[in-house]
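Read off the chains here:
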Amino acid sequence: KKTGDFSLLSIDEIAQLSTNIVITSSMFVAGKEIEQEIEFITAECVYGMHLFKDMFAGFRDFFGGRSKAVQDTLRDARRTALTELRREALIVGADAVIAVDLDYQELSGGQKNGMLMLVASGTAVRLK
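Residues numbered from 1 in each chain as written. Predicted model: local features only at pLDDT ≥ 70, side-chain atom pairs only at ≥ 80, totals over all residues. Heavy atoms only, no water.

Undergrad: I would appreciate a short explanation of the nonpolar core in the present structure.
TA: Soluble, globular proteins show a tendency: their nonpolar side chains are buried together. With 20 residues, the main nonpolar core has Ile 41, Cys 45, Ala 77, Leu 85, Ala 89 and Val 97 as its most contacted residues. Only strand E2 (34-48), helix H3 (68-91), strand E3 (96-107) and strand E4 (115-127) provide two or more residues apiece to this core. If you tally residues by element for this core, the top one is H3, at 6 residues. Non-local contacts of Cys 45, meaning those with residues more than four positions away in its chain, are made with Ala 77, Thr 80, Ala 81, Leu 116, Met 117 and Leu 118. (Core = buried A, V, L, I, M, F, W, Y, C linked by side-chain atoms within 4.5 Å. Buried < 20%, exposed > 50% of the residue type's maximum accessible area, 1.4 Å probe, protein only. Helix = DSSP H or I, 4+ residues; strand = E, 2+ residues; numbered from the N terminus. Contact = heavy atoms within 4.5 Å.)

Undergrad: Where do I start with the sheet that holds strand E1 (residues 22-23) in this structure?
TA: The strands that make up a sheet are held in pairs by hydrogen bonds between backbone atoms, and each pair lies either parallel or antiparallel. An order of E1-E3-E4-E2 is seen for the 4 strands of this open sheet, with the pairing classed as mixed. Of all strands in the sheet, those with a lone pairing partner are E1 and E2, marking the two edges. Relative to E3, E1 runs parallel, the two sharing 2 bridges. Note that in E3 the partner of Ile 23 across the bridge is Val 97. Seen against the sheet, H3 touches E1, E2, E3 and E4 and runs at an angle of roughly 145° to E2. (Pairing = 2+ DSSP bridges. Axes fitted to C-alpha atoms, helices over the stretch in contact; angles between N-to-C directions.)

Undergrad: Got a minute to help me understand H3 in this structure?
TA: Since one α-helical turn is 3.6 residues long, residues separated by three or four positions face the same way. If you check H3, its first and last C-alpha atoms are 35 Å apart, about what 24 residues at 1.5 Å a residue would give, namely 34 Å. Those residues of H3 lying buried are Thr 73, Ala 77, Ala 81, Leu 82, Leu 85, Arg 87, Ala 89 and Leu 90. Immediately downstream of H3, the backbone of Gly 93 shows phi near 85°, a positive value. (Expected span 1.5 Å × (residues − 1).)

Undergrad: In this structure, what is going on with the pattern of salt bridges? I would like to understand it.
TA: When charged atoms on two side chains of opposite charge get close, those side chains can pair. By the definition in use, this model includes 3 salt bridges. Among the ionic pairs, Glu 33 bridges to Lys 128, the shortest N-O distance being 3.1 Å. Of this pair, Glu 33 sits in the loop between E1 and E2 while Lys 128 sits in the segment after E4, and the two are 95 residues apart along the sequence. We classify Glu 33 as partly exposed; its relative accessible area is 48%. A salt bridge links Asp 72 to Arg 75; the nearest nitrogen and oxygen atoms lie 3.0 Å apart. Separated by 3 residues within a single helix, Asp 72 and Arg 75 lie in helix H3, roughly one turn from each other. Assessed through its relative accessible area of 31%, Asp 72 is described here as partly exposed. (Salt bridge = Lys/Arg side-chain N within 4 Å of Asp/Glu carboxyl O.)

Undergrad: Would you mind showing me how to read the pairing of E4 here?
TA: The side chains of a regular strand alternate between the sheet's two faces. Burial runs high along E4: 10 of the 13 residues are buried. Pairing analysis gives 13 bridges linking E2 to E4, with the strands arranged antiparallel. Counted as the bridge partner of Glu 37 is Val 125 from E4. Pairing of E3 with E4, which is carried by 10 bridges, proceeds in the antiparallel orientation.

Everything listed here is a matter of coordinates, which is why it stays silent on function.
Listed below in structure tokens is the structure:
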């Protein structure tokens, strides 16, 4: 962590080091003072909704009700994007990411129906 070179660390080691990085949609971190705004960072992930999830979601649309498969995919996408955002913050030497925004987008066209893209973005900061 001191050198900023994370190229030799495994994904699990990076995930462990980044767990203490605060993620908030607020412009500040409660009880902490921001020493420096480092840079704007993003994390992107794209998930495919396989045929059966698409089909059952279509039935739910028609008959009503919640789709557990789609909800699980959305939850997994959010967790993955925030984990990746923490990793990006670690790489730039941040203690927190403020003003975090999650943008969901459906990607479709041709035979690529059922793709979900999630972009997590925010400002990486160093705390006092």
